[in-house]
Amino acid sequence: MGKKKKRDIIHLEKESVIPVLKHKLIAALANRIKRSRSDVDEFLKLCQRVEYTIRAWYLLQFEDLMRLYSFFEPIHGAQKLEQQNLTPEEIDVFEQDFLASLFQVMEKSNFKIATDEEIEVALSAQYRLNLPIVVNENKLDKRLFTSYFAKHPQDDLPYFADKFIIFRRGFGIDRLNSYFIMPKINTIISRFWRCFLKVTGLKRLFFRKRSAPITEDPKSIEISMDNSDESLYVERIRIEKMKLSICNLLGKVTIQEPTFDRIIVVYRRASAKKERARNIYVKHFKSIPMADMEIVLPEKKNPGLTPVDWVKFIVSAVIGLITVIGSLSNPKADIRVILAILTSVVGYCVKTYFTFQNNLVSYQSLITKSVYDKQLDSGRGTLLHLCDDVIQQEVKEVIVSFFILMVQGEATRQELDRRCEELITGEFNEKCNFDVDDALQKLQKLGIVAKDPAGKYACTDLKHANEIIGTTTEEVVLKANKGDCSFGR
């Protein structure tokens, strides 16, 4: 048990996202149909018609979302608002309508607002970013989200919800393998320094205990997403917690950190002018290590030495000065002892300063890397990506649910949910908390699944299902295009 307490483990629960590409999912399901080729063709046609129909259902909603955002995009939004000759009150209504539509799309895409507890857990360790990063709150508008949440109250909002919102979805693991020479040296120096402070009784001046632990369980910390029995445990592997053996000191080591697979940040900059700036920024990031989550924060202040670092400088200098004066006042003072004390104090101050400089270079490199490698898109591009995400997820849910009912027969809601999850795990070795309720709602809306008095769901046969949905507009267009091509020949 003693060793387990030193391990830093994150408990991640599975989410309602099917982590399989749509074309891969459809191809795998089609290969499992043990019938004639005509049945496979009918299934592929049904998949196509389901996607076209669901896309049509959301078309007007997504067009309205893009129309509203066109008034608040950072590049041409102000110009479009000026052309509309809207009053401030009318613009406020447009803003709230846009946010309401955006939050609805986020929910459909299985994005969740990061809570204070989740952020505290994520930032309770260090990975590559070793500087305290804070937001310059004076550069962020506070009226936009304050007005929205006043009309649309939500539970577990983070403390910064009046200034910006962080949405997150999915998890991953980031690993780095290198020699990490400077971090190893810093860890060794820090351990010697802590030992020195502990022996001299000065530890209380430099290190304070946390007033409240992050969790009651010291062995693991949890980011909870859904009430589910199955979950994922990921260990944080950091140099600060490693056993620095000769092998680890001289060779390469691997550090590990869980990541947020997708993060979307929404905010508005404060306006220095009398007229309110209406631009709304939407930025989309991928694979952000939890401990380095600060890199996605908007309007960051330039990092500097922390108050703790300054206290270390001052206390170290005072201790060194008092020790030297006390030693010099003693006629039997040993000059070697005095030099040893001065060397230790100066060495620690130099170490603190150069550690800060090294961390500053790493921070600038991380920020640059996040712009080029980690940022997927922003503004309109992010919204288009979200809209497509909603369609792809719902299409996959509907197809998997129909396939299970077609192959395995009628089932209750709970049986269908379990069978769908088992299919995804068995076929693709992926886990998810399948959203069976949404899938059944869509299937009943399409008219290809019905519920009997006993509470069991059953689907129609493939050919009848295609007849119920009918020929879609996209199919007519594709057929016409093929006709034009053949006529041209």
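As the structure is a computational prediction, the values presented were derived from the model and not from experiment.

Draft legend 1. Focus on the overall build of the protein. A count of helices and strands for the protein gives 17 helices and 10 strands. When burial is assessed residue by residue, the protein has 45% of its 489 residues classed as buried. Counting contacts in the protein only where the partners sit at least 6 residues apart, residues at least 24 apart contribute 80% of the total. Only carbon and sulfur atoms are counted for the fraction: they give 54% of the accessible area of the protein, which is about 27300 Å².

Draft legend 2. Region of interest: a nonpolar patch on the surface. On the surface, a nonpolar cluster with roughly 440 Å² of combined accessible area is contributed by Y179, I181, M182, I185 and I189. Along the chain, I189 turns up in helix α8 (residues 181–200). On the basis of relative accessibility, which here comes to 32%, the residue I189 falls in the partly exposed class.

Draft legend 3. Region of the structure containing the packing of helix α3 (residues 37–69) against helix α16 (residues 462–469). Orientation of α3 relative to α16, taken along the N-to-C sense of each, is 30 degrees, at an axis distance of 9 Å. With respect to each other, α3 and α16 are oriented roughly parallel. Taken as a pair, α3 and α16 cross one another with a handedness that is left-handed. Of the residues in α16, those touching α3 at D39, E42, F43, K45, L46, R49, V50 and T53 are L462, K463, A465, N466, E467 and I469. Of the residues in the contact of α3 with α16, the class split is six nonpolar, two polar and six charged.

Draft legend 4. Inspection of the layout of surface pockets at higher detail. Taken as a whole, the second largest pocket holds about 730 Å³ of empty space. Considering the residues around the second largest pocket, the lining is formed by 26 residues, among which V17, P19, G170, F171 and K431 are closest to the centre. Of all the elements in the fold, those that place two or more residues in the lining of the second largest pocket are β1 (8–13), β3 (164–178), β5 (231–236), β6 (253–267) and α13 (380–408). With five residues, α13 is the single largest residue contributor to the lining of the second largest pocket. Per-class residue counts for the lining of the second largest pocket are eight nonpolar, six polar and 12 charged.

Draft legend 5. Structural context of the nonpolar core. One finds F43, F98, L102, F103, F167 and F402 to be the most contacted residues of the largest nonpolar core, which totals 76 residues. A per-element tally of this core places α13 first, with 14 residues. Among all residues touching F103, those that are not within four sequence positions of it are I113, F145, Y148, F149, Q154, I165 and F167. Core analysis: the next-biggest nonpolar cluster, separate from the first, contains 27 residues, I10, L12, V135 and I263 among them.

Draft legend 6. Structural context of empty space enclosed by the protein. Under the defined criterion, the tally for this structure stands at one cavity of 30 Å³ or more. Of the voids in this model, the largest cavity is the one considered here, and its volume is about 30 Å³. Surrounding the largest cavity, F43, L46, C47, V50, V398, I399 and F402 form its lining. Taken together, the elements giving at least two residues each to the lining of the largest cavity come down to α3 and α13.

Draft legend 7. Molecular detail of the sheet that holds strand β8 (residues 375–378). The five strands lie next to each other as β2-β3-β6-β7-β8, forming an open sheet whose pairing is antiparallel. Every interior strand has two partners, whereas the edge strands, β2 (112–113) and β8, have only one. By the bridge criterion, eight bridges tie β6 to strand β7 (residues 281–289) in an arrangement that is antiparallel. From the neighbouring strand, I264 faces β7, where its bridge partner is H284. Against the sheet, helix α5 (residues 88–108) touches β2, β3 and β6, its axis set at about 40 degrees to β3.

Draft legend 8. Region of interest: the pairing of β7. Across three bridges, the pairing between β7 and β8 is antiparallel. Looking at the pairing, F285 lines up with Q375 of β8.

Cut-offs used in this document
- Residue indices follow the written sequence of each chain, beginning from 1 at its first position.
- Reporting in this predicted model follows two pLDDT cut-offs: at least 70 for local features of residues, and 80 or more for side-chain atom pairs to be given and counted; totals over whole chains, interfaces and linings ignore these cut-offs and use all residues.
- To get the side-chain values, all heavy atoms of the structure are used, and hydrogens and water are removed first.
- Secondary structure elements are taken from DSSP: a helix is a run of H or I of four residues or more, a strand is a run of E of two residues or more, and numbering for both begins at the N terminus.
- Only protein chains enter the accessibility calculation, which uses a 1.4 Å probe; a residue is then buried when its area is under 20% of its type maximum, exposed when over 50%, and partly exposed in between.
- Note on contacts: a residue pair qualifies if any of its non-hydrogen atoms lie within 4.5 Å across the two residues.
- Values of accessible area rely on a 1.4 Å probe in the Shrake-Rupley scheme; residue burial ignores everything except the protein chains shown.
- Patch membership is restricted to residues that have no salt bridge and whose relative accessible area is over 30%. Joining uses 9 Å for like charges and 5 Å for the nonpolar side chains Val, Leu, Ile, Met, Phe, Trp and Tyr.
- For this document, the term salt bridge refers to a Lys or Arg side-chain nitrogen within 4 Å of an Asp or Glu carboxyl oxygen.
- Working convention: axes come from line fits to C-alpha atoms, limited for helices to the stretch in contact. Angles between N-to-C directions cover 0 to 180 degrees.
- Small angles under 35 degrees read as roughly parallel and large ones over 145 as roughly antiparallel, with 65 to 115 read as roughly perpendicular and the rest as oblique.
- Throughout, a crossing is termed right-handed when the near helix is turned clockwise from the far one, and left-handed when it is turned anticlockwise from it by less than a right angle.
- In the scheme used here, Gly and all other residues not listed as nonpolar or charged are polar, with Ala, Val, Leu, Ile, Met, Phe, Trp, Tyr, Cys and Pro taken as nonpolar and Asp, Glu, Lys and Arg as charged.
- Grid points spaced at 1 Å and placed over the protein atoms alone form the basis of the search, with a cavity being a set where a 1.4 Å probe fits but cannot get out and a pocket an open set showing protein on both sides within 12 Å along at least five of seven lines. Lining residues have an atom within 4 Å of a point.
- Grid points are joined across faces, edges and corners, and a volume is the space filled by probe spheres set on the points.
- Grouping buried Ala, Val, Leu, Ile, Met, Phe, Trp, Tyr and Cys residues that are joined through side-chain atoms within 4.5 Å yields what is termed a nonpolar core.
- Pairing between two strands is assigned when DSSP locates at least 2 bridges connecting them.

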